[in-house]
Amino acid sequence: MATLKEVAERAGVSQSTVSRLLNDPSFSIKEETRRRVLRVCEEMGYRNVFRPAIAVLDAPPSGEELQDAYFADLRKVLAECAESMELDQPTFIRSIHELTERAAEFDGFITVGATVFPETDLRALHAALPHGVCIDTNPAPHLFDSVRPDLSQTMLDALDAMIAAGRRRIAFLGGVGSIMGTHDYPEDIRELSFRQWAAHLGLETDGLVYSSGTFTVENGYRLAEQLVADHREAGSMPDGLIVAADVLAVGALQALNALRVAVPDELAVVSVNNQSIARYTSPSLSSYAIDQRELARMAFSTLIDGLKHERRVRRHILLTTELVPRASFVPQA
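Residues numbered from 1 in each chain as written. Predicted model: local features only at pLDDT ≥ 70, side-chain atom pairs only at ≥ 80, totals over all residues. Heavy atoms only, no water.

The protein has the name LacI family transcriptional regulator in an unreviewed UniProt entry, where Bifidobacterium callitrichidarum is given as its organism.

Structure, rendered in structure tokens:
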């Protein structure tokens, strides 16, 4: 085990400063110095005393109640997870510029939401606060770690489940999103994965991908309405529909009900997120659950690991999702 002298030398302070910090609760010291000394103690195995100051960059897209509810749940889960891991409660900050300006107050940060930040802002944040973990997406994979649901695998799982249930003409309904990195593409990762896996499985996708607009109930209604208009009279209706998110699926089910499309007999529907609203749609919505508690736990663990052990490479962790079957799609037993 390291000695007091070695810890002091690594931290760039005197031995008496280390001793007083660890043994005298009333000892006054700059917050930045306190965190540095405690981190060195942890790194060198002197004492398990490091409690990092963590910020949450809370910048989800706003304006859609169901989408906002997902991020509200995630905020609550982050706070509960910090408590269960015996960490200090994180500080929630809504602006990337504010976080950059206040970087000296924190050891690291976690991001929540899909807001697209300019590359210059991301690099400025990294220069001021290099340790960060992005949840759900990662706008700067070469700068920060990430913990995300494996939505590509989710699309393959959904296609496999549909095929096993006898559905072969499968459509996709999604919205505009951004792909990991600073590049802003019109396709969401779920749409790209759907197209890729469908082609690999020999499924036809021409005229069956409806992916435009924002992730809102109204847009889900509009896209489903268009799907029915394009295919019902032509006799080319799909028998399966994979929806990128519950917020879109709620609108899609409303449109399908209004147009008297029988779900699931005529068209089986499955979605992603498994929000609480999925239990109350008509019919109830089968949806792939994203484990927010595991997202939060892995985000904190990854951040703390990066603070304790400097890494030259970024770590990107993918978590599987699990289908919660309900009336809109019943998988093969």
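Q: Is there a simple way to think about the side chain of Asp145 in this case?
A: The topology assignment puts Asp145 in strand E5 (residues 145-149). On the basis of relative accessibility, which here comes to 5%, the residue Asp145 falls in the buried class. With residues near it in sequence (within four places) discarded, Asp145 still touches Gly132, Val133, Cys134, Asn138, Thr302, Arg311, Arg314, Arg315 and His316. (Helix = DSSP H or I, 4+ residues; strand = E, 2+ residues; numbered from the N terminus. Buried < 20%, exposed > 50% of the residue type's maximum accessible area, 1.4 Å probe, protein only. Contact = heavy atoms within 4.5 Å.)

Q: What is the right way to look at the layout of surface pockets in this model?
A: One way to see where empty space is left: roll a probe the size of a water molecule over the atoms. Its boundaries defined by the atoms lining it, the second largest pocket holds a volume of some 260 Å³. Around the second largest pocket, the lining residues are Tyr70, Asp73, Val77, Asn273, Asn274, Gln275, Ser276, Ala289, Ile290, Asp291, Gln292 and Arg293. Of all elements in the fold, only helix H4 (65-84) and helix H11 (292-308) reach the threshold of two or more residues within the lining of the second largest pocket. Residue contributions to the lining of the second largest pocket peak at three residues, all from H4. (1 Å grid on protein atoms, 1.4 Å probe; cavity = no way out; pocket = protein on both sides within 12 Å on 5 of 7 lines; lining within 4 Å. Points joined across faces, edges and corners; volume = space filled by probe spheres on them.)

Q: Help me understand the confidence of the model for the protein, please; the structure alone is not making it clear to me.
A: Caution is warranted with low-pLDDT regions, since their predicted coordinates should not be read in detail. Across the protein, the average pLDDT comes to 90, with 93% of residues at 70 or higher. In the model, residues 179-184 has pLDDT below 50 throughout and makes 16 contacts with residues more than four positions away in sequence or in other chains. (pLDDT = per-residue confidence, 0-100.)

Q: Would you take a moment to explain empty space enclosed by the protein for this structure?
A: Inspection of every chain in the model, using the stated rule, returns three cavities of 30 Å³ or more. Looking at the second largest cavity, its volume works out to about 70 Å³. In this structure, the second largest cavity is lined by Pro130, His131, Gly132, Leu143, Asp145, Leu303, Gly306, Leu307, His309, Glu310, Arg311 and Arg314. Its residues assigned to classes, the lining of the second largest cavity shows four nonpolar, four polar and four charged. (Nonpolar A, V, L, I, M, F, W, Y, C, P; charged D, E, K, R; others polar.)

Q: Just checking my understanding: could you explain the UniProt feature "domain: HTH lacI-type" (unreviewed entry) in the protein for this structure?
A: As recorded in UniProt, the sites labelled "domain: HTH lacI-type" (unreviewed entry) are residues 2-47. Split by type, residues 2-47 is 65% helix and 0% strand. Its first and last C-alpha atoms lie 9 Å apart. (UniProt positions renumbered as here; feature names shortened; annotations may be inferred.)

Q: Please explain the domain arrangement of the protein as it appears in this structure.
A: By convention, interface size is frequently given as the accessible area that disappears when the constituent parts associate. We note that the domain assignment places domain 1 (4-44), domain 2 (54-149 + 292-319) and domain 3 (151-290) within the protein. Spacing between the C-alpha centres of domain 1 and domain 3 amounts to 55 Å. (Domains from an automatic or database assignment.)

Q: Would you take a moment to explain the nonpolar core for this structure?
A: General note: in soluble globular proteins, nonpolar side chains tend to be found buried as a group. If you look at the biggest cluster of nonpolar residues, it comprises 74 residues, and the most contacted ones within it are Ile110, Ile242 and Val269. Composition of this core by domain shows at least three residues from each of domain 2 (54-149 + 292-319) and domain 3 (151-290). Counting residues in hydrophobic clusters, the runner-up holds 18 residues, among them Phe106, Phe109, Leu122 and Leu143. (Core = buried A, V, L, I, M, F, W, Y, C linked by side-chain atoms within 4.5 Å.)

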